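# Observations on the model geometry
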Amino acid sequence: MMSEKLAEQFDSDKVAAFNAGLLHDISGIIPNSKRISFAEDLGITILPEERMFPMIIHQKISRVIANEVFNIDNQQILSAIECHTTLKGDSTKFDNIVFVADKIEWDQKGTPPYLNNILKSIDLSIYHASYAYIKLLINQKDNLKVVHPWLLDAYNDLTNKVN
Ligand SMILES: [Fe+2]
């Protein structure tokens, strides 16, 4: 699993990375059309951007399922699951490992168009790899359905970290 490989490369907890990798998309069991009402029932804070584009709420729902159904209480795993799609400001190394793994091992056919940007940066640090990906998104943000505020926070935070 990619999250495990990156955890090894960046000297982090491999077992935690494996568990985060297994559970990050567990909320895929909830159909997109039911995600907002499900999240409301769980008491999750729903941002306007998430109402407009409910796919993004899956990261927060996965965190709750990992915690309440799979009894994961390791905060590093829960945090990484919760931000694996958008990242966030003040992210940990482990958050970045799970985030980048999710982008490298994407859920569509073929090779991600941004893969080279990530791979060119990853030798510098895992933060550079996240930054390379997010910078591409921000540069074409007019084409995005929504810009999640956590993504913007991550961009600002990483801009400081890598420069
Ligand atoms: Fe996901």
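Before going into details, it helps to say that this report is about the structure given with it. (Residues numbered from 1 in each chain as written. Predicted model: local features only at pLDDT ≥ 70, side-chain atom pairs only at ≥ 80, totals over all residues. Heavy atoms only, no water.)

Another aspect to go through is the overall build of the protein. Along the protein, the regular secondary structure elements total 10 helices and 0 strands. Order of helices (α) and strands (β) in the protein, N terminus to C terminus: α-α-α-α-α-α-α-α-α-α. Relative to a compact globule of 163 residues, whose C-alpha radius of gyration would be 15 Å, the protein shows 15 Å and is just as compact. The dimensions of the protein, computed from C-alpha atoms along their principal axes, are 40 × 40 × 30 Å. By residue count, 50% of the 163 residues in the protein fall in the buried class. Pairs at least 24 apart in sequence give 54% of the contacts found in the protein among residues at least 6 apart. (Helix = DSSP H or I, 4+ residues; strand = E, 2+ residues; numbered from the N terminus. Rg over C-alpha atoms; globule rule 2.2 N^0.38 Å. Buried < 20%, exposed > 50% of the residue type's maximum accessible area, 1.4 Å probe, protein only. Contact = heavy atoms within 4.5 Å.)

Glancing now at the layout of surface pockets. The volume enclosed by the largest pocket comes to roughly 1000 Å³. Considering the residues around the largest pocket, the lining is formed by 33 residues, among which Met55, Thr85, Asp102, Lys103 and Tyr133 are closest to the centre. If one sorts the elements of the lining of the largest pocket by residue count, helix H7 (residues 93-104) sits on top with 4 residues. Residue classes in the lining of the largest pocket are distributed as 16 nonpolar, 11 polar and 6 charged. (1 Å grid on protein atoms, 1.4 Å probe; cavity = no way out; pocket = protein on both sides within 12 Å on 5 of 7 lines; lining within 4 Å. Points joined across faces, edges and corners; volume = space filled by probe spheres on them. Nonpolar A, V, L, I, M, F, W, Y, C, P; charged D, E, K, R; others polar.)

Moving on to the packing of aromatic side chains. Summed over the entire model, instances satisfying the criterion amount to 4 aromatic pairs. With centroids separated by 6.1 Å and ring planes inclined at 85°, the aromatic side chains of tryptophan 106 and tyrosine 114 adopt a geometry described as edge-to-face. Ring geometry for tyrosine 114 and tyrosine 133: centres 4.8 Å apart, planes at 75°, overall edge-to-face. Of this pair, tyrosine 114 sits in the loop between H7 and helix H8 (115-122) while tyrosine 133 sits in helix H9 (residues 126-139), and the two are 19 residues apart along the sequence. Taking relative accessible area as the criterion, tyrosine 133 reaches 12% and is therefore assigned buried. (Phe/Tyr/Trp six-rings, centres within 6.5 Å; stacked < 30°, edge-to-face > 60°.)

Following the sequence through the fold, serine 121 ends up in helix H8. You can call serine 121 buried: its relative accessible area is 13%. For serine 121, the side chain forms a polar contact with the main-chain oxygen of asparagine 117, separated by 2.7 Å. (Polar contact = N/O pair within 3.5 Å; in protein donor to acceptor, adjacent residues only side chain to side chain.)

Here we take up H8. Among all positions of H8, only Leu115, Ile118, Ser121 and Ile122 are buried. Buried residues in H8, looked at end-on, bunch into an arc of 140°, giving them a common side. Facing away from the buried side of H8 by over 90 degrees, the exposed positions are Asn116 and Lys120. Where the residues of H8 are buried, they touch helix H1 (2-9), H7 and H9. (Arc of directions from axis to C-beta.)

Turning our eyes to something else, we now look at the packing of H9 against helix H10 (residues 149-162). Direction vectors running N to C along H9 and H10 enclose 130°, while the axes themselves pass 9 Å from each other. Relative to H10, the element H9 is oriented oblique. Crossing of H9 against H10: the hand is left-handed. Here Tyr127, His128, Ser130, Tyr131, Ile134, Lys135, Leu137 and Ile138 of H9 come into contact with H10, specifically with Leu151, Leu152, Ala154, Tyr155, Leu158, Thr159, Lys161 and Val162. Along the lines of polarity and charge, the residues of the contact of H9 with H10 split into 11 nonpolar, 3 polar and 2 charged. (Axes fitted to C-alpha atoms, helices over the stretch in contact; angles between N-to-C directions. Parallel < 35°, antiparallel > 145°, perpendicular 65-115°, else oblique. Left-handed = near helix turned anticlockwise from the far one by under 90°.)

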